[in-house]
Amino acid sequence: MGPRPGQSRAAARLQIVLGHLGRPSAGAVVVHPTTGTISSASFHPQQFQYTLDNNVLTLEQRKFYEENGFLVIKNLVPDADIQRFRNEFEKICRKEVKPLGLVVMRDVTISKSEYAPSEKMTTKVQDFQEDKELFRYCTLPEILKYVECFTGPNIMAMHTMLINKPPDSGKKTSRHPLHQDLHYFPFRPSNLIVCAWTAMEHIDRNNGCLVVLPGTHKGSLKPHDYPKWEGGVNKMFHGIQDYEENNARVHLVMEKGDTVFFHPLLIHGSGQNKTQGFRKAISCHFASADCHYIDVKGTSQENIEKEVVGIANKFYGAENSTDLKDIWMFRARLVKGERTNL
């Protein structure tokens, strides 16, 4: 089924994606192709580029991810697990636990003296690979069975985050600019990398849900840098410097436990949190252990390497010889199968 006369490809894609998201169950979703060149009859297995053969995803789900670069699985992570993650996060905020290597971040508008240690001071914790309770997320069978559809059986957990998007101060700093996650990663191939991002509560446009540009995973890695926002930008919140303004955008309204899996080249971001609550989500980037590291010097990723290495040297007291590969090797953990390259 192609676009109706007068209907742009972007509009057609948006209509199809919104239809997918509105279904009661991602497992039962029926996806119609966005162009007349792809159909159930003509879509052969050898045409799959972004998913691997598996018995978890339906054909419709595979086709949807192939075309759009993301897939939402409803009600995937149990409430009990999410509550445990929330409890551990609160302990970290109160400094009751201090996992090795954990990076605690706060919004650029929050001063050190504004709050006592609490979740109000913390907008994100990342690199929680040494926190056994939070790292359970990366080993949940419910998560890994889907991850394997994209990475294969040898799975590395590469980057972990629990995001606590704060109420916006009025300066719009709670936004996250449109970006591609591959900008931060010195490993390839990109098609064997996937992010799992789980809502820890109801998330919509009011509290800053994810926004994605469907189909942009088919493009290349674009140059990133800090956006020129008047209210300031949070550390390492790089954004794409040039992108097609007319691309269809989809806001992912999610319930607690819903999980979106997306490709590292998919352009995405999130809006400001207009509520008085802190919007929470937990995520992990996974990669096949068969991926390999690359040297990003001389590429568009060199700017983030310099920034990340500078922060790491200060944080860990490391030597100036540290590079992006060293940092990622420190973060990486095998969660399933055998460790090969990474």
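Residues numbered from 1 in each chain as written. Predicted model: local features only at pLDDT ≥ 70, side-chain atom pairs only at ≥ 80, totals over all residues. Heavy atoms only, no water.

Draft legend 1. Geometry of the confidence of the model for the chain. Chain-level statistics for the chain give a pLDDT mean of 82 and a share of 75% at 70 or above. For residues 1–7, every residue scores under 50 in pLDDT, and the model assigns this stretch 14 contacts once sequence neighbours within four places are set aside. With pLDDT under 50 throughout, residues 22–42 is counted as low confidence; its partners more than four residues away or in other chains account for 42 contacts. (pLDDT = per-residue confidence, 0-100. Contact = heavy atoms within 4.5 Å.)

Draft legend 2. Looking closely at the nonpolar core. The biggest cluster of nonpolar side chains holds 56 residues, and the ones touching the most others in it are Tyr 137, Ile 143, Trp 197, Phe 261 and Phe 286. It is helix 5 (residues 141–151) that contributes the most residues to this core, six residues altogether. Residues Leu 182, Ala 289, Tyr 293 and Ile 304 belong to the second largest nonpolar core, which totals 23 residues. (Core = buried A, V, L, I, M, F, W, Y, C linked by side-chain atoms within 4.5 Å. Buried < 20%, exposed > 50% of the residue type's maximum accessible area, 1.4 Å probe, protein only. Helix = DSSP H or I, 4+ residues; strand = E, 2+ residues; numbered from the N terminus.)

Draft legend 3. The packing of aromatic side chains, seen in detail. Applying the stated criterion across every chain yields a total of nine aromatic pairs. Note on Phe 185 and Trp 328: the rings are 5.2 Å apart at their centroids and 80° apart in plane angle, and the pair reads as edge-to-face. With Phe 185 in the loop between strand 5 (176–179) and strand 6 (187–188) and Trp 328 in helix 7 (residues 324–331), the pair connects residues that are 143 residues apart, well separated along the chain. Summarising the burial analysis for this pair, Phe 185 and Trp 328 share the class buried. Every member of this aromatic cluster is reached through a ring pair, and the members are Tyr 65, Tyr 146, Phe 150 and Phe 261. Geometry around Phe 48 places Arg 62 over its ring, the cationic atom sitting 3.7 Å from the centre. Sitting over the ring of Trp 328, Arg 331 keeps its end group 4.4 Å from the ring centre. (Phe/Tyr/Trp six-rings, centres within 6.5 Å; stacked < 30°, edge-to-face > 60°. Lys NZ or Arg CZ within 6 Å of the ring centre and 35° of its normal.)

Draft legend 4. Here's a closer look at the environment of Leu 192. Here Leu 192 shows up in the loop between strand 6 and strand 7 (193–199). In this structure, the C-alpha to C-alpha distance between Leu 192 and Phe 286, residues 94 residues apart in sequence, is 8.4 Å. Once you skip the residues sitting within four places of it in the chain, Leu 192 turns out to touch Leu 52, Phe 150, Thr 151, Phe 286, Ala 287, Ser 288 and Cys 291.

Draft legend 5. Examining the side chain of Asn 207 more closely. Mapped onto the fold, Asn 207 is located in the loop between strand 7 and strand 8 (210–212). The buried category is assigned to Asn 207, whose relative accessible area is 8%. For Asn 207, the side chain forms a polar contact with the main-chain nitrogen of Asp 204, separated by 2.9 Å. Not counting residues up to four positions away in its chain, the partners in contact with Asn 207 are Lys 165, His 202, Gln 272, Asn 273, Lys 274, Thr 275 and Arg 279. (Polar contact = N/O pair within 3.5 Å; in protein donor to acceptor, adjacent residues only side chain to side chain.)

Draft legend 6. Main features of helix 7. For helix 7, the set of buried residues is Leu 324, Ile 327, Trp 328 and Arg 331. Summarising the axial view, the buried residues of helix 7 lie within an arc of 95°, below the 170-degree limit, and thus occupy one face. (Arc of directions from axis to C-beta.)

Draft legend 7. Highlighting the environment of His 179. Considering the arrangement of structural elements, one finds His 179 in strand 5. Counting along the chain gives 85 residues from His 179 to Pro 264, while the straight-line C-alpha distance between them is 9.5 Å. Not counting residues within four places of it along the chain, the set of residues in contact with His 179 comprises Tyr 184, His 224, His 238, Gly 239, Ile 240, Leu 266, Ile 267, His 268 and Gly 269.

Draft legend 8. Highlighting the pattern of salt bridges. The tally for this structure, following the rule as stated, stands at 12 salt bridges. Arg 136 serves as the salt-bridge partner of Asp 81, at 2.4 Å between the closest nitrogen and oxygen. Pair noted here: Asp 81 is in helix 3 (residues 79–93) and Arg 136 is in the loop between helix 4 (132–135) and helix 5, with a separation of 55 residues, a long-range link. Residue Asp 81 is classed as buried on the basis of its relative accessible area, which comes to 10%. (Salt bridge = Lys/Arg side-chain N within 4 Å of Asp/Glu carboxyl O.)

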